[in-house]
Amino acid sequence: MRSASSSTTNVLRRRSPFIPTIPCPDCGRLVSRSVSGTAEHDGWVYYKCKKHGHGCKFWHWELEYVGYIVENDVLVGDSAVDAIGWAEDRREALELIKAENEAMGEGPAARVQR
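Quick look at the structure, then. Just so it is clear, the model here is predicted, and its values are computed rather than measured.

Here is what the cut-offs are and how they apply
Residues numbered from 1 in each chain as written. Predicted model: local features only at pLDDT ≥ 70, side-chain atom pairs only at ≥ 80, totals over all residues. Heavy atoms only, no water. Core = buried A, V, L, I, M, F, W, Y, C linked by side-chain atoms within 4.5 Å. Buried < 20%, exposed > 50% of the residue type's maximum accessible area, 1.4 Å probe, protein only. Helix = DSSP H or I, 4+ residues; strand = E, 2+ residues; numbered from the N terminus. Contact = heavy atoms within 4.5 Å. Expected span 1.5 Å × (residues − 1). Pairing = 2+ DSSP bridges. Axes fitted to C-alpha atoms, helices over the stretch in contact; angles between N-to-C directions. Phe/Tyr/Trp six-rings, centres within 6.5 Å; stacked < 30°, edge-to-face > 60°. Arc of directions from axis to C-beta.

Okay, the nonpolar core next. Core analysis: the biggest nonpolar cluster contains 17 residues, and I19, V31, F58 and Y65 have the highest contact counts within it. Elements with a minimum of two residues in this core: β2 (45-49), α2 (62-71) and α3 (77-103). Considering each element in turn, this core owes the most residues, 4 residues, to α3. Once you skip the residues sitting within four places of it in the chain, Y65 turns out to touch I19, P20, T21, I22, V31, Y47, F58 and H60.

Structure representation (structure tokens):
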């Protein structure tokens, strides 16, 4: 049986499904994809309007963004199912890595290197 760490690494290395960026529903500018480098959410992907913090509030973690674009029919059918499943698996893996780091006494700022 593989360790949780090994299976977590496999989830994070899996190729992501197509997750389109959309025009911001609030201001119309294109939403961008970024990766958090904060201690609390290191490696987490988020999507935000390019004007976020400058008059626009559109900002979502990856899983919530996927839910948003599915709810608004940007992703449908198998593409929607694949994106939701992948985003859920990725969130679970990142939370597991964070818990492993904290259990090893490394705190939220440390990364599990694999």
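Turning our eyes to something else, we now look at α3. Compared with an ideal rise of 1.5 Å per residue, which puts 27 residues at 39 Å, α3 spans 39 Å between its outermost C-alpha atoms and is within 8% of the ideal. Residues of α3 that are buried include every one of A80, A83, W86, A87, R90, R91, A93, L94, I97, E100 and N101, and no others. G105, located one to two residues past α3, shows a positive phi value of around 80 degrees.

What follows concerns the sheet that holds β2. Spatially, β1-β2-β3 is the arrangement adopted by the 3 strands of the open sheet, whose pairing is antiparallel. Two strands lie at the open edges of the sheet, namely β1 (31-35) and β3 (59-61), each paired on one side alone. Geometrically, the sheet is characterised by an average inter-axis angle of 20 degrees between neighbouring strands, direction not taken into account. Here β1 pairs with β2 via 5 bridges, running antiparallel. Bridge pairing in β2 places R33 opposite Y47. Contacts from α2 reach β1, β2 and β3, with the element oriented near 110 degrees to β3.

Evaluated as defined, the whole model comprises 7 aromatic pairs. Pairing Y47 with Y65 gives two aromatic rings, centres 4.0 Å apart and planes at 10 degrees, and the pair type is stacked. Residue Y47 is located in strand β2, and its partner Y65 is located in helix α2; the two are separated by 18 residues in the primary sequence. Here Y47 matches Y65 in class, with each residue buried. On the numbers, 5.4 Å between centres and 70 degrees between planes, the contact of F58 with Y68 is edge-to-face. Placement of F58 in the loop between β2 and β3 and of Y68 in helix α2 is noted, with a sequence separation of 10 residues between them. Ring-pair connections join several aromatic residues into one group, and the members of that group are W44, Y46, W59 and W61.

Moving on to α2. Buried within α2 are the following residues: E62, Y65, V66 and I69. Down the axis of α2, the buried side of the element spans an arc of 100 degrees, and every buried residue falls inside it. Those residues of α2 that are buried lie in contact with β1, β2, β3 and α3. The first or second residue beyond α2 is D73, which carries a positive phi of 60 degrees.

Moving on, we get to the pairing of β2. Taking burial as the measure, the 5 residues of β2 include 4 buried ones, the bulk of the element. Of the strand pairs in this sheet, β2 and β3 are connected by 3 bridges, and their pairing is antiparallel. Paired with K48 across the bridge in β3 is W59.

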